[in-house]
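Residue-level listing of the chains:
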Amino acid sequence: MIEVSNLSKRYGAITAIDHVSFKVDKGEIIGFLGPNGAGKSTTMNIITGYISATAGYVRIDGYDVMENPEQTKRRIGYLPEQPPLYPDMTVKEYLDFICDLKNVRKDRRKALEEICEQVRIADVYKRLIRNLSKGYKQRVGIAQALIGNPDVLILDEPTVGLDPKQIIEIRDLIKKLGERRTVILSSHILSEIQAVCERVIIISSGKLVADGRAEELSAKLSDDHDVQIRVEGPEEIVFQTLSKVHGVKSVRKLGKREEGSFDYLIEPKEKTDVRRALFNRMAEKKYPILSMSSNQLTLEDVFLKLTTGDYDGGLSEFTPEIPGKDNAAEAPESGTEAAAAESEQEGSDKA
Amino acid sequence: MTAVYRKELLIYFTSPIVYAYLLVFYFFSGLGFNAICIAQQTNNLTGAIDYMFTISMFILPVLTMRLFGEERKNKTDILLYTSPAGTFGIVAGKLLAAATVYGVASAIFVVYAFVIGLFTAVQWAVFFCGLLGFLLMGVSLIAIGGFISVLTENQIVAAVITFAISLLLSLMDYIASMVSGIAKTVLEYLSYNTHFTPFQTGQIGLSHIIFFLSVTGLFAFFTARSIDHRRFSA
């Protein structure tokens, strides 16, 4: 459906994207992930035909974006990073204009009604866009992308700046839209990608660093089965006991986190799962385990590992390209943001 | 093209700038009509049209200053250029919309002609010839102004540069008088007065029509090329 091959874009000396290739099949929802400034928007702008690439090509349904722009543009609905809205128009005027622009004539009213219902903007249909809240503006932007019933939806950070409730609404909407369409969704918020997408593509400093299902990625990258454990009891004795459990390679003390108990990080011998042995041993000794978690990488860890460059797992030969553009500094920031968004989501889920 | 044209008109007529433009245009044309036609008791409107030629140089940049720059600033240009409409269609739609507003303003002369018609016979042929020259001149200035607004996102800068160019084009006669030889010929040819004045005496010169249409076409082409260059230069 979408074929991106060896795509590069240079602005003078700066390489915005560097030989990015991937394919998206019909009906897939893929998450396009990367820290700010990684080249997500540039890639999307090229796929939609807004700007050209320095090298490489993009094909939609077999049509080259540069050679057959009319064919490809008809198939794509695009929501850029900043929704392209005219503040002095009403929602109705705006959507009518988009219909004109995309040559939608047949059953226009019915199509518009359906879209408005889908993205829930019917109640602001006659209001000026400038007076709408950010969430509504975003939804009008999505409505715009849906006009003409395109097979491909490209959404550049559709949930930025929305409150948690709106974020969940937009996510659900995207999931629903993805049932019948191919969707590329960019974000630097991991929980979002995890919640919506089947497949994840990670780019960093313009290079593709990972491509696969979220679980696959984390499984590939978590090479060990480290276990973090919290046990009630005197630190030194518990430490000694833990060290002697069968399959344990080493134990590291993590200190006191809760009154009367201590945390330990246990590294098992290669490819052994020591959780049961730990449980049995501690139960025997009557040192209750208060918590135990295996250190499987979350998508967030994968992301940080890949984009900060301390990963050598062989998915690619990652080297930060642009000096002075420190993605190590950027990535943790987006990581915390992701964590915040995640906890926010949990909060409103409970509510 | 029609989609962009209709959108531009909608935006024009929901923005105060166009009403200010029309107000100023109607005010000064009324003043000119009064001072030139009524006071001198002539049935020839071309004097008033000639006078508005100068005023238009000052106020036309207001119509074109936001034409392309604002879309780029607000990032709404992405919408246009990722739609099936081609670059040239978009440029044509925008210039036509500006030309329509200009036409609405110019239509006031027809009202004045009817006012004259209440008292005496109007020289309709001369009048429409003058109006044609006025419209062609304005449309070519709109194309120049549109091109300038592609070059800068800043509306004030666009307006000032367009104004400076209009002024230069109308002063070209004066500059031509300072030089001689081939430079003089070229500058005289480029002068808007050279091509505008014959219309006001009731002459429809094909070469003058072609001059204004060429300027319009050339700058519309520059505009489209400049947009494509920005998008597609690697």
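Quick notes on the rules
Along each chain, residue indices are assigned from 1 in the same order as the chain's sequence is written. Lettering of chains starts at A and numbering of ligands starts at 1, both following the order in which they are written. Selection of residues for local features in this predicted model requires a pLDDT of at least 70, selection of side-chain atom pairs for listing and counting requires 80 or more, and totals for whole chains, interfaces and linings are taken over all residues. Calculated side-chain values reflect all of the structure's heavy atoms, with hydrogen atoms and water omitted. Under the scheme used here, helices are H or I runs from DSSP no shorter than 4 residues and strands are E runs no shorter than 2 residues, and both carry numbers assigned from the N terminus. A radius of gyration in this sense is built from C-alpha atoms; the matching globule rule multiplies 2.2 Å by the number of residues raised to 0.38. Here, Shrake-Rupley sampling with a 1.4 Å probe gives the accessible areas, and only protein chains in the shown set may cover a residue. In this analysis, two residues are considered to be in contact whenever any of their non-hydrogen atoms come within 4.5 Å of each other. Buried area is a sum: the accessible area each of two parts loses on coming together, probed at 1.4 Å, counted once for each and added. Salt bridges are defined by distance alone: a side-chain nitrogen of Lys or Arg within 4 Å of a carboxyl oxygen of Asp or Glu. Contacts described as polar in this section are N or O atom pairs within 3.5 Å, which, within protein, must combine one atom able to donate a hydrogen with one able to accept it, while residues neighboring in sequence count only if both atoms come from side chains. We call two strands paired when DSSP finds no fewer than two bridges between them. Geometry is summarised by axes, namely lines fitted to C-alpha atoms with helices restricted to the contacting stretch, and by angles between N-to-C directions that run from 0 to 180 degrees. For Phe, Tyr and Trp, rings pair up if their centres lie within 6.5 Å, where Trp contributes its six-membered ring, and each pair is then called stacked (planes under 30 degrees apart), edge-to-face (over 60) or tilted (otherwise). In this scheme, a residue with accessible area under 20% of its type's maximum is buried, one over 50% is exposed, and one in between is partly exposed, where area comes from a 1.4 Å probe on protein chains only. Put simply, a charge is over a ring when the Lys NZ or the Arg CZ is close to the ring centre, within 6 Å, and near the line of the ring normal, within 35 degrees. By nonpolar core we mean a set of buried residues, namely Ala, Val, Leu, Ile, Met, Phe, Trp, Tyr and Cys, connected to one another through side-chain atoms within 4.5 Å. In this analysis a 1.4 Å probe is tested at points of a 1 Å grid over the protein atoms alone, and where it fits but cannot get out there is a cavity; an open set with protein on both sides within 12 Å along at least five of seven lines is a pocket; lining residues have an atom within 4 Å of a point. Grid points are joined across faces, edges and corners, and a volume is the space filled by probe spheres set on the points. Any residue outside Ala, Val, Leu, Ile, Met, Phe, Trp, Tyr, Cys, Pro, Asp, Glu, Lys and Arg is labelled polar, Gly included; the first ten of those are nonpolar and the last four are charged.

Turning our attention to the overall build of chain B. Looking only at helices and strands, one finds 14 helices and zero strands in chain B. Its helices and strands taken in sequence order, chain B reads α-α-α-α-α-α-α-α-α-α-α-α-α-α from the N to the C terminus. Compactness check: chain B gives a C-alpha radius of gyration of 19 Å against a globular reference of 17 Å for 234 residues, within 12% of the reference. For chain B, the spread of C-alpha atoms along the principal axes amounts to about 60 × 50 × 30 Å. Only carbon and sulfur atoms are counted for the fraction: they give 72% of the accessible area of chain B, which is about 10200 Å².

Another point: the interface of chain B and chain A. With 24 residues of chain B at the interface, the matching set in chain A holds 29 residues. Here chain B and chain A share an interface that buries about 2400 Å² over both sides, 67% of which is from carbon and sulfur atoms. Of the charged contacts in the structure, one is a salt bridge between arginine 6 of chain B and aspartate 100 of chain A, with a shortest N-O distance of 3.0 Å. Linking chain B with chain A are ten residue pairs in polar contact (both at pLDDT 80 or more), by the criterion used here. Those elements giving two or more residues to the side of chain B that touches chain A turn out to be helix 1 (2-14), helix 6 (77-81) and helix 14 (206-232) of chain B.

Take the sheet that holds strand 13 (residues 261-268) of chain A next. Residues and elements named next belong to chain A. Strands sit in the order 12-13-11-14 across an open sheet of four strands; the sheet is antiparallel. Two strands in the sheet have a free side with no partner beyond their single neighbour: strand 12 (248-258) and strand 14 (289-294). Averaged over all pairs of adjacent strands, the angle between their axes in this sheet comes to 20 degrees, without regard to strand direction. Against the sheet, helix 9 (residues 235-243) contacts strand 11 (227-232), strand 12 and strand 13, and its axis sits at roughly 155 degrees relative to strand 12. Against the sheet, helix 10 (residues 275-285) engages strand 11, strand 12, strand 13 and strand 14, with an angle of about 170 degrees to strand 14.

On to the packing of aromatic side chains, then. When we look at a pair of aromatic rings, we describe it by the centre distance and by the angle of the planes. For the coordinates displayed, the defined rule picks out 29 aromatic pairs over all chains. Taking 6.4 Å as the distance between ring centres and 10 degrees as the angle between the ring planes, the aromatic pair formed by tyrosine 50 of chain A and tyrosine 81 of chain B counts as stacked. Residue tyrosine 50 of chain A is found in the loop between helix 1 (40-47) and strand 4 (55-60), and its partner tyrosine 81 of chain B is found in helix 6; the two belong to separate chains. Exposure remark for tyrosine 81 of chain B: the relative accessible area of 6% places this residue in the buried category. Among the aromatic residues, ring-to-ring pairing joins Tyr21, Phe25, Tyr26, Phe33, Tyr102, Phe109, Tyr112 and Phe134 of chain B into one connected group. The ring of tyrosine 136 of chain A carries arginine 139 of chain A above its face, with NZ or CZ at 4.7 Å from the centroid. One residue, lysine 253 of chain A, lies across the ring of phenylalanine 239 of chain A, its end atom 4.8 Å from the ring centre.

Looking now at unusual backbone geometry. Residues and elements named next belong to chain A. Phi angles above zero are rare outside glycine, and histidine 19 is one such case at about 50 degrees. Following the sequence through the fold, histidine 19 ends up in strand 2 (residues 14-24). With a phi close to 50 degrees, asparagine 149 is a non-glycine residue in the positive phi region. Of note, asparagine 149 is situated in the loop between helix 5 (134-146) and strand 7 (152-156).

Moving on: the sheet that holds strand 2 of chain A. All names here are of chain A. Taken together, the four strands give an open sheet; going across it, the order is 2-1-4-5, and neighbouring strands pair in antiparallel fashion. A strand with exactly one partner marks an edge of an open sheet, and here the two such strands are strand 2 and strand 5 (63-64). Sheet analysis places strand 1 (residues 2-11) next to strand 2, joined by seven bridges and oriented antiparallel. Its bridge partner being in strand 2, lysine 9 is matched across the sheet by isoleucine 17.

This paragraph deals with the nonpolar core. The biggest cluster of nonpolar side chains holds 153 residues, and the ones touching the most others in it are Phe22, Tyr94 and Ile202 of chain A together with Tyr21, Phe109, Met137 and Tyr192 of chain B. Other than its neighbours up to four places away in sequence, isoleucine 202 of chain A contacts Leu33, Lys207, Leu208, Val209, Ala210, Leu217, Val302, Phe303, Leu306 and Thr307 of chain A. Val227, Ile229, Val248 and Val274 of chain A belong to the second-largest nonpolar core, a separate cluster that totals 16 residues.

Within this structure, the stated rule accounts for three cavities of 30 Å³ or more. Empty space within the largest cavity amounts to approximately 90 Å³. Forming the walls of the largest cavity are 14 residues, and the residues nearest its centre are Tyr78, Lys102 and Gln144 of chain A together with Leu79 and Thr82 of chain B. Mapped onto the lining of the largest cavity, the elements with two or more residues apiece are strand 6 (76-79) of chain A together with helix 6 of chain B.

In this structure, the largest pocket encloses a volume near 590 Å³. Around the largest pocket, the lining is made up of 29 residues, and of these Asn45, Tyr50 and Ile51 of chain A together with Asp77 and Ile78 of chain B lie nearest the centre. Sorting the residues of the lining of the largest pocket by element identifies strand 1 and helix 1 of chain A together with helix 5 (69-73), helix 6 and helix 14 of chain B as the ones contributing at least two each. A per-element tally of the lining of the largest pocket places helix 6 of chain B first, with four residues. Grouping the constituent residues of the lining of the largest pocket by class yields twelve nonpolar, six polar and eleven charged. Ala111, Glu114, Ile115, Leu146 and Asn149 of chain A are, among the 14 residues lining the second largest pocket, the residues nearest its centre.

Everything listed here is a matter of geometry and, on its own, says nothing about what the molecule does.
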